[in-house]
Each structure stands twice: as C-alpha cells, then as structure tokens.
Amino acid sequence: MSDKVTAYVRTEMLEEKAPPSLNTGPLGWIRENLFPNWFSSILTLVSLWIIYKMLVAFIPWAFGGVWNASSLNECREILQGVDAACWAVIHERFWQLMYGFYPDHLYWRPNLALILLIVALVPVLFEGAPRKLLWISVATPFVGPWLLWGGTIWTPVAAALGFVVGIAVYRLTASALSNLAGLVLGPLAAVIWWILLAGRFSDLVSSILPLGIEPVESRMFGGFMLAITLGITGIAASFPLGIILALGRQSNLIIVKTLSVGFIEFIRGVPLITLLFVAQVMLAYFLPKGTDFDIILRVMIMITLFAAAYMAEVIRGGLAALPKGQYEAADALGLNYWQAQRLIIMPQALKIAIPGIVSTFIGLFKDTTLVSIIGLADPIGWVKFIQADAAWNGIVWELYGFVALVFFIICFSMSRYSMYLERKLETGHK
Amino acid sequence: MSEVEFDHHADRSRMQVSDEVAIEVVNMNKWYGSFHVLRDINLTVNRGERIVICGPSGSGKSTLIRCMNRLEEHQEGKIIVDGIELTSDLKNIDKVRREVGMVFQHFNLFPHLTILENCTLAPIWVRKTPRREAEETAMHFLEKVKIPEQAHKYPGQLSGGQQQRVAIARSLCMKPRIMLFDEPTSALDPEMIKEVLDTMIELAEEGMTMLVVTHEMGFAKEVANRVIFMDAGQIVEQNEPEEFFSNPQSERTKLFLSQIL
Ligand SMILES: Nc1ncnc2c1ncn2[C@@H]1O[C@H](COP(=O)(O)OP(=O)(O)OP(=O)(O)O)[C@@H](O)[C@H]1O
Ligand SMILES: [Mg+2]
C-alpha cells in the first residue's frame, strides 16, 4: 500500500438519466418479476399451468350451473351427466341462509338495524362526518337489539338507564368521596341496576304504558344475520374491554394487574369451543333460578371475553412500542393519567396495533361459525340442516362455497379498511 | 467541546434575580433500588436565576432535575417548588407540573398531533383554556421561537432544531414560572444547536427561572448566573461561571473541565 493520495476534483456535475429501459414498462416488469433467471422461469410456467388447469375445471362448473330446481335430483336431470354446479340450492334456501327462521314479514327489522349500525359507524370510522350522527352512534347499541328481538320499548330504555345510573353514582361519589371510589361504585351501581332492577322497571312501565313491537325469540335467529349479530357485538364490546385489560396489565396497582394478567392468560389458554360449551350448559347454574338468560346473549359474552383477551395482548404490543418519552412529556405538561392515555398514548398505540386489532376482529368474526357446534343455526349450522334435507342430500361444494364467499367478502373489506386507516393516520414520523 | 458563537450577546442587565425562592431542595436523597443516585442534595434557586448543571455521564444530573417535577420520586428530604412541597399527594404534583415546564433531550413531541395541536393540548385540557385563546397563545410562542409557518405540519416533518424549538414553545404555552432543560441540544447537529440556544438566551433575558443540564459552556458563560458541577450523585462545586471556568477548586472539576473544553 502506498501512502500517496490521488487528488481528484469533479469539474462537471452529472445530469439525471432515465433508468435502463429493460426495467420499466410492462415488459420490463414481466421480465424482472416473472422471468429473472431459468429457475424462476420454470416456476412461473408451472404456476401458470396449474392456474390454467384450475380455471378450465372451475369456470364451466360454476357458470354452467343450474339455478332453478327444487332438488339435487332435478338438478342432475337437467344437467344430464354434465359436471356442473347446482346453484338451485342457494336460490331456494337463500333467505334461510341469510336470516334463519326469522319471520319473513319482519326481515326489515334486522335490515334496518344493519343500516342504523352502518350510519352509526360513519362518524367513528371516517373523519369529517357530521357530528350530529354521533347521536345515532349512541342510540344504536340500544335500538339495534330492540329491533332484532322486538318486545317492549322499555327494555332498551331500562338498559340505557343503567348507564345514566352508573354515571350519576360516579359523579356523586367522585366529588363526595374520591375518584377511585367513583370508579368502583359507579360501574357497580350500573351492574346492580341491570341485574336486579332493570327487568322490574321495564315490566312495571310496560304494564302502565305498553309500547312495543312483535317479539322474536332467539331460536328463530340464524344464518348470516346471526353471524353478523354475534360478530358486531363481539367486536364492539371486546375492543374497549381489551383496552381496559391492556391498561390493567400495565397498572401499578398489584390487584388490578394480577386480575388482568390472570384473566388474559386463562382465556388465552382455553379453546373458544370450551367457553361456548360453558355458555351453553354451565352459565345457567350460576345464575339465580328463573332468570331467563338468553343463549345468544351468553354466547355473545363468551365470544367477547375471548376476543378481549387477544385484543388486550395486541394493544399491549402497541403500548410497548411507544417510547417512554411520550409518557414523560404528557406527565411534565400536567396531563392526568386518563387524559394522557386518551390524548397521547392510545391514539399512537392503537395506530401501531391496527393490523393486529383488525386480525383479531377478522378472527372473531370467523370464529362465530363455532356456535354451530352448540346448536345455533349460523350459516354453517344451516348448511348442515340443508344437507340433512332429503331433497338436497349430497350437496357440498355449492353451499360451503357460497358461505365461504360471503365470509371472504366481509373479512376482505375489513382488511382493506384497516389499510385505509393506516394510510390516513400516517403523519410521517419515524 | 466546541463553543458556539452567538449572534447577539445576552443582555445580562435584563436578567434580574429576586429574593423570592423558586425552588428549595433540602437534604434530598434518592435511590434506584439499592443504588444511591442522589446524595444529600441542598439547593436553593431564586426566582430569575439561570443555573447550568454539568458533570460526567451518570452523575445524576437528569435525575436531579426530574425530581423537581416529580418525574422521579425522592425518598428522603424535601423538595419545595413555588411554595408547594412535592410528596405523593397527586394534587400537589399536578399544581407543580402546571408551573414547571420541561424540555427533553429527545424533544418528545407528540408525533400524531400537528405542531399547533402539540402546543394547545395541555392549555386546553389542563388549564381549561378555550381553544381559540389557546391557539392564539400557541401562535404567539411559535412566532417567538421563529417557526409560525410550521404550525400545521407534523413533528416528523421538521428538523431536529425546529422540533426542539417547538418543544420549548409547547412548554411556554402553559405559562410556566420555571423551566427545566435536560440536555436540550445534545441530540442536535452543530448548526441547529445555535438556533435552540438563541431561543433559550431570549428566554433568560425575559427573566425566566431556568435550570439547564448542558455541556454547552458557551451558553453557561453567556447566561448562567451559577454553574453547578455534579459527580457521583453529589453537588461537588458551584460558582459564578467566570470563576467556575477560570478557577475551578476541586480536582474532579478540573479533570472534568480539562476533558470537555
Ligand atoms: N430508572 C433507573 N433505574 C435504575 N438506575 C437508573 C435509572 N435511571 C438512571 N439510573 C442510573 O442513575 C445514574 C444517574 O443517571 P442520570 O440519568 O441522572 O445521569 P446523568 O448525569 O443525567 O447522565 P448523562 O449525562 O448520561 O445523561 C446512572 O448511573 C444511571 O445508570
Ligand atoms: Mg442525563
């Protein structure tokens, strides 16, 4: 090695040049991504061949299918030995797959509930929606179930009053005793109201002023309506519960922390189906005799608890990713714990956790199909009923394919929404 | 350490120290587990004082100023800020935090909020200032730190020096009576250090009580009325800046100064 340095001074700056043409345009893309070397080229060709074979088999089967027939045998007669789908089963049983035994003159009620829910979600999901819509968001949790189950209007009113009672007790005790006392007594008062008093209240008022719509029993619920009802309540309830559990797990209060960790670890250690069996059989033993605790409600609670445990862990991941400086800055500015959580910590932690949160939602929605095992008539339950019918005995692909397609559309939309949300919340940091 | 050239020299005649006590620390001790991090700290800060704290890494400088707004809790002795003693009483802690602003080494701006929102958040939620008024105050202080045009950007879109000036403005929006700075320039490139120090000099000229942990000795000479040298959790030496730099007394101080100057 010599110590001599070759001096160099650039005299002219270089102009910007276009990239070599091979890498641009559709041809460049194909060449670079599909045929970069002989091994990849072979893989590409083999894959194309497999896709071609599948489409050649699938397209005539699906599009050559029969739509009008009243049994599998009739389908076969029409097709005369051609191998094609018998969509007639979907055509004939469509409404049952969608609504179960829900009375058909009342279909408008679940439909209206769904529309209400979509309107209620707009101000939550999208920025810049009119603030007035928030009232619909607040009313929907009470009006929605009432539309589904019907009965007296006083039941949802009594349920809503529980929140009023809880908040009133919180306000009173928080100012008279302490904030902590309020946080304990407020929710306690609400729970006491719901369990002991709400029923009597609505009975009493409806005996004086009977206002209501035709009731529909839970066993009539079925099909996608049931799956969507379970999925949406599960999602709506497990999200706040998951946040509380995640915060509880980080708490300095040893009891809160132990309870949160214990709950999360227990629930995560148990298969959902066991919890559903518990909901089906056991829960009835723990409740006072004579309380008629709806099976769908029991299942909803179990699905919610199950998803909340996973949600808590996903959110904890988001919390862990936040630098300590964010907490310190919030503290130094004088924000209290809840303000710091709501304004600084959660908006960032939840944003980080969006992919995990949405995965949990999607998982929850698909897991609702497990309720068919405990005898509820969700779409999978209905597939089995229809298969048990002599007219459609032996039909498989069409039914499961249809159910899968509807699930896919819903789950894929959720996943796309999560990507939209991630892009919207991107503020160019890190 | 290189010294920064300042455009305009600080006008010391405007920096008045009053007799009123702003912070009083008496026989304060703090441990991290069994590690004795702060030992017998006694310190009185009068209103209007500009104190620079320096010392080797790990000597407890950050811990000391973080005790003054209770980001860290001390186990023995007393800390009285603005006449309020810091104990585990949350109400007192909240009161003190409203009066004391803090600027961090890594800015700690809220990345999901715009610059303006960063500045109005605490006034609106803690001081219950109406939004309109909070925004006017915020714009006033953003002008003061010379970045009003960035108000609607996000922190991630600003340079380090700009972010630190926003952090200073954010603290000032709470109208604090005392400002704590923990190495505000040590995460910055040289050309940005100056813009931040200039802002701090202006603040000193307005009579703000300031405790500044820094190794910028130029800043200490320019504005400080007292320099405190810490080592191993203790205050080893304190003096006027002239004396401190030209005539250090303890061996530890001499060693430290020889390493950084
Ligand atoms: N949370 C903590 N738990 C345990 N030890 C800690 C903690 N924070 C700081 N320490 C220790 O306390 C001592 C003092 O830390 P401190 O951050 O106050 O030092 P410093 O003087 O600010 O140093 P630097 O110039 O590196 O910032 C160090 O030895 C550090 O390792
Ligand atoms: Mg430090």
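Everything quoted here is computed from the prediction, not taken from an experiment. For every chain, the first residue of its written sequence is number 1, and the numbers climb from 1 along that sequence. The naming scheme follows written order: chains are lettered A onward, ligands numbered 1 onward. It should be noted that, the model being predicted, local features are given only for residues of pLDDT at least 70 and side-chain atom pairs only at 80 or more, the latter also being counted only at that level, while totals for whole chains, interfaces and linings use all residues. Here the side-chain values reflect all heavy atoms present in the structure, with hydrogen atoms and water set aside.

Engineer: Help me out: how do you make sense of the state of the cysteines in this one?
Structural biologist: What makes a disulfide is a covalent bond joining the sulfur atoms belonging to two cysteines. Two cysteine sulfurs form what is called a disulfide whenever their separation falls within 2.5 Å. Inspection of every chain in the model, using the stated rule, returns one disulfide over all chains. Across the disulfide, Cys75(A) is cross-linked to Cys86(A) (sulfur-sulfur distance 1.8 Å). Of note, the bridge from Cys75(A) to Cys86(A) carries an S-S torsion of about 70° and is right-handed in sense. Taken together, the residues span a long stretch of sequence, with Cys75(A) in helix 3 (residues 72-79) and Cys86(A) in the loop between helix 3 and helix 4 (88-99) at a distance of eleven residues. Of the two residues, Cys75(A) and Cys86(A), neither departs from the other in class, the shared state being buried. Free of any disulfide, Cys54(B) has its nearest neighbouring cysteine sulfur in Cys67(B), separated by 19 Å. Free cysteine Cys173(B): the closest other cysteine sulfur is in Cys119(B), separated by 4.5 Å. Residue exposure (1.4 Å probe, protein chains only): buried if accessible area is under 20% of the type maximum, exposed if over 50%, otherwise partly exposed. On the basis of relative accessible area, Cys173(B) is assigned to the buried category, the value being 6%. Think of it this way: any DSSP run of H or I at least four residues long counts as a helix, any run of E at least two long counts as a strand, and we number them from the N terminus.

Engineer: Hey, could you run me through the sheet that holds strand 6 (residues 100-103) of chain B in this one?
Structural biologist: Sheet strands pair via backbone hydrogen bonds, and the direction of the pair is either parallel or antiparallel. All names here are of chain B. Two strands pair under a simple rule: DSSP has to find at least two bridges between them. One open sheet accounts for six strands, arranged 6-7-8-3-9-10; its pairing is mixed. Edge strands, defined here as strands with exactly one partner in the open sheet, are strand 6 and strand 10 (234-239). Geometrically, the sheet is characterised by an average inter-axis angle of 20° between neighbouring strands, direction not taken into account. Across five bridges, the pairing between strand 9 (residues 226-231) and strand 10 is antiparallel. Bridge pairing in strand 10 places Asp 231 opposite Gln 234. Helix axes are fitted only over the stretch in contact, all axes being lines through C-alpha atoms; the angle between N-to-C directions runs from 0 to 180 degrees.

Engineer: Explanation requested: the interface of chain B and chain A in the structure shown.
Structural biologist: You'll often see interface size given as the accessible area lost when the parts meet. For this analysis, residues touch if any pair of their heavy atoms sits within 4.5 Å. Counting residues at the interface gives 22 residues for chain B and 19 residues for chain A. Buried area adds together the accessible area that both of two parts lose upon being put together, with accessible area traced by a 1.4 Å probe. Interface of chain B and chain A: buried area, both sides summed, is about 1900 Å²; carbon and sulfur atoms make up 64% of it. The salt bridge definition used is simple: a Lys or Arg side-chain nitrogen within 4 Å of an Asp or Glu carboxyl oxygen. Our count for the contact surface shared by chain B and chain A stands at one salt bridge. Of the charged contacts in the structure, one is a salt bridge between Arg66(B) and Glu328(A), with a shortest N-O distance of 2.8 Å. Whenever a nitrogen or oxygen atom comes within 3.5 Å of another N or O atom, the pair is scored as a polar contact, on the condition that within protein one atom can donate a hydrogen and the other can accept it, and that pairs from neighbouring residues in sequence are kept only if both atoms are in side chains. Put simply, chain B and chain A have six residue pairs in polar contact (both at pLDDT 80 or more) between them. Put simply, the parts of the chain that give the side of chain B that touches chain A at least two residues each are helix 2 (90-99), strand 6 and helix 3 (115-125) of chain B. When residues in the side of chain B that touches chain A are grouped by element, the largest group, three residues, is from helix 3 of chain B. Under the grouping applied here, Gly and all other residues not named as nonpolar or charged are polar, the nonpolar ones being Ala, Val, Leu, Ile, Met, Phe, Trp, Tyr, Cys and Pro and the charged ones Asp, Glu, Lys and Arg. Residues that form the side of chain B that touches chain A fall into these classes: 13 nonpolar, four polar and five charged.

Engineer: Teacher, can you tell me more about the domain arrangement of chain A here?
Structural biologist: Looking at the assigned domains, one finds that chain A contains domain 1 (21-61), domain 2 (151-213) and domain 3 (220-430). What marks off one domain from the next here is an automatic or database domain assignment. On a C-alpha basis, the centroid separation for the pair domain 1 of chain A and domain 3 of chain A is 39 Å.

Engineer: Looking at this structure, how should I read the pattern of salt bridges?
Structural biologist: Side chains that carry opposite charge are capable of pairing whenever their charged atoms lie near each other. Enumeration according to the criterion identifies 23 salt bridges over all chains in this entry. Salt-bridge contacts for Arg70(B) lead to Glu73(B); the nearest nitrogen and oxygen are separated by 3.6 Å. Residue Arg70(B) is classed as buried on the basis of its relative accessible area of 11%. Sharing partners across several salt bridges, the network here consists of Arg249(A), Glu265(A), Arg268(A), Glu313(A) and Arg316(A).

Engineer: I would appreciate a short explanation of the confidence of the model for chain A in the present structure.
Structural biologist: For chain A, mean pLDDT is 86; residues scoring 70 or higher make up 94% of the total. Within a predicted model, pLDDT stands for the predictor's per-residue confidence, ranging from 0 to 100. The least confident element of chain A, judged by mean pLDDT, is helix 1 (residues 25-33) of chain A at 79; the most confident is helix 13 (residues 324-332) of chain A at 93.

Engineer: Would you mind going over unusual backbone geometry with me for this structure?
Structural biologist: Most peptide bonds adopt trans geometry, and most residues besides glycine take a negative phi value. Residues and elements named next belong to chain B. Despite not being glycine, Asp 40 has its phi angle at roughly 45°, a positive value. Positionally, Asp 40 belongs in strand 2 (residues 35-46). One non-glycine residue, Glu 183, lies in the positive phi region at around 45°.

Engineer: Can you help me understand the nonpolar core in this one?
Structural biologist: Most often, soluble globular proteins have nonpolar side chains that are buried together. Here the nonpolar core consists of buried residues drawn from Ala, Val, Leu, Ile, Met, Phe, Trp, Tyr and Cys, with membership extended through side-chain atoms lying within 4.5 Å. Judged by nonpolar contacts, the single largest core of 131 residues is most densely connected at Ile315(A), Ile23(B), Ile53(B) and Leu211(B). It is helix 14 (residues 337-367) of chain A that provides the largest number of residues to this core, a total of 15 residues. If sequence neighbours within four positions are ignored, Ile53(B) has contacts with Lys61(B), Leu64(B), Ile65(B), Leu211(B), Val212(B), Val213(B), Thr214(B), Ile228(B) and Met230(B). Membership of the second largest hydrophobic core comes to 49 residues, among which are Val145(B), Met192(B), Val223(B) and Val227(B).

Engineer: Looking at this structure, how should I read the sheet that holds strand 4 (residues 76-81) of chain B?
Structural biologist: Residue and element names in this part refer to chain B. Strand order across the open sheet formed by four strands is 2-1-4-5, with antiparallel pairing between neighbours. Two strands in the sheet have a free side with no partner beyond their single neighbour: strand 2 and strand 5 (84-85). Direction of pairing for strand 1 (residues 21-32) relative to strand 4: antiparallel, over a ladder of five bridges. Counterpart to Ile 23 in the pairing with strand 4 is Val 81.

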